[in-house]
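# Inside the fold
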Amino acid sequence: MTTNRLTPEQLAAREAFGRDSVHRAYGLGQHGGWGFGMAVRTYRGDYAPVGQFGWDGGSGTTVYADPHHQLVGILLTQTGMSTPDSARAIHDFWTTLYQAIDS
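Residues numbered from 1 in each chain as written. Predicted model: local features only at pLDDT ≥ 70, side-chain atom pairs only at ≥ 80, totals over all residues. Heavy atoms only, no water.

A few words on the environment of Val-72. In this fold, Val-72 is placed in strand β5 (residues 71–76). Take Val-72: its relative accessible area is 55%, and that puts it in the exposed class. A C-alpha to C-alpha distance of 9.7 Å links Val-72 and Phe-53, two positions 19 residues apart in sequence. Not counting residues up to four positions away in its chain, the partners in contact with Val-72 are Tyr-64 and Ala-65. (Helix = DSSP H or I, 4+ residues; strand = E, 2+ residues; numbered from the N terminus. Buried < 20%, exposed > 50% of the residue type's maximum accessible area, 1.4 Å probe, protein only. Contact = heavy atoms within 4.5 Å.)

Pasting the structure below:
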């Protein structure tokens, strides 16, 4: 479930979409691959290591597991993704979480 199942062509299309929509999603969904029902990080582009897996929900929720750091993070805001503030809150949550374990 936590292994990337996308083909190289699908990965290229997903990365292009992520670059083109970063202004709307504030970086969410730019983790690389897709397993059976969840996102799978295939490259390190920000704070999380390769192998992190989970999901960003449309209601302002996020949950990911990070086997490398033996960490699970869950944010349940239920604010919806109708404004950039919701995506920023999720981004800030993960940034703060990883900064705390790096300190």
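Right, let's talk about the pairing of strand β3 (residues 53–56) for a bit. Side chains Gly-54 and Asp-56 of β3 all project onto a buried face; the interleaved residues Phe-53 and Trp-55 project onto a face where none is buried. By the bridge criterion, 4 bridges tie β3 to strand β4 (residues 61–66) in an arrangement that is antiparallel. Bridging from a neighbouring strand, Phe-53 pairs with Ala-65 of β4. Turn length for the β3-β4 hairpin, with the two strands adjacent in sequence and antiparallel, is 4 residues, and the turn residue Gly-60 shows positive phi of about 90 degrees. (Pairing = 2+ DSSP bridges.)

Spatially, β1-β2-β3-β4-β5 is the arrangement adopted by the 5 strands of the open sheet, whose pairing is antiparallel. Each having just a single partner strand, β1 (32–34) and β5 make up the two edges of the open sheet. Adjacent strand axes in the sheet meet at a mean angle of 25 degrees when their direction is disregarded. Sheet topology note: the β4/β5 ladder contains 6 bridges and is antiparallel. Residue pairing for β5: Tyr-64 is matched across the bridge by Gly-73. (Axes fitted to C-alpha atoms, helices over the stretch in contact; angles between N-to-C directions.)

Ala-39, Tyr-47, Ala-48, Tyr-64, Leu-71, Leu-75, Ile-90, Trp-94 and Tyr-98 together form the largest nonpolar core, which totals 9 residues. Secondary structure elements with two or more residues in this core: β5 and α3 (84–102). What Leu-75 contacts, discounting residues up to four positions off in sequence, is Gly-60, Thr-61, Thr-62, Ala-89, Ile-90 and Phe-93. (Core = buried A, V, L, I, M, F, W, Y, C linked by side-chain atoms within 4.5 Å.)

What follows concerns α3. Here α3 spans 27 Å end to end across 19 residues, near enough to the 27 Å set by a 1.5 Å rise per residue. Inspection of α3 places Ser-86, Ala-87, Ile-90, Trp-94 and Tyr-98 among the buried residues, and these make up the whole buried set. With its buried residues spanning 110 degrees around the axis, α3 presents them on a single face. Of the exposed residues in α3, the ones pointing more than 90 degrees away from its buried face are Asp-85 and Ala-100. (Expected span 1.5 Å × (residues − 1). Arc of directions from axis to C-beta.)

Any aromatic ring pair is given by two values, namely how distant the centres are and how the planes are angled relative to each other. If you walk through the whole model with that rule in mind, you get 4 aromatic pairs. Site record: aromatic cluster; members linked through ring pairs are Tyr-64, Phe-93, Trp-94 and Tyr-98. (Phe/Tyr/Trp six-rings, centres within 6.5 Å; stacked < 30°, edge-to-face > 60°.)

Moving on: the confidence of the model for the protein chain. A residue-level look at the protein chain finds 88% of positions with pLDDT of 70 or above and a mean pLDDT of 82. Highest mean pLDDT in the protein chain belongs to β5 (94); lowest belongs to helix α2 (residues 22–25) (55). (pLDDT = per-residue confidence, 0-100.)

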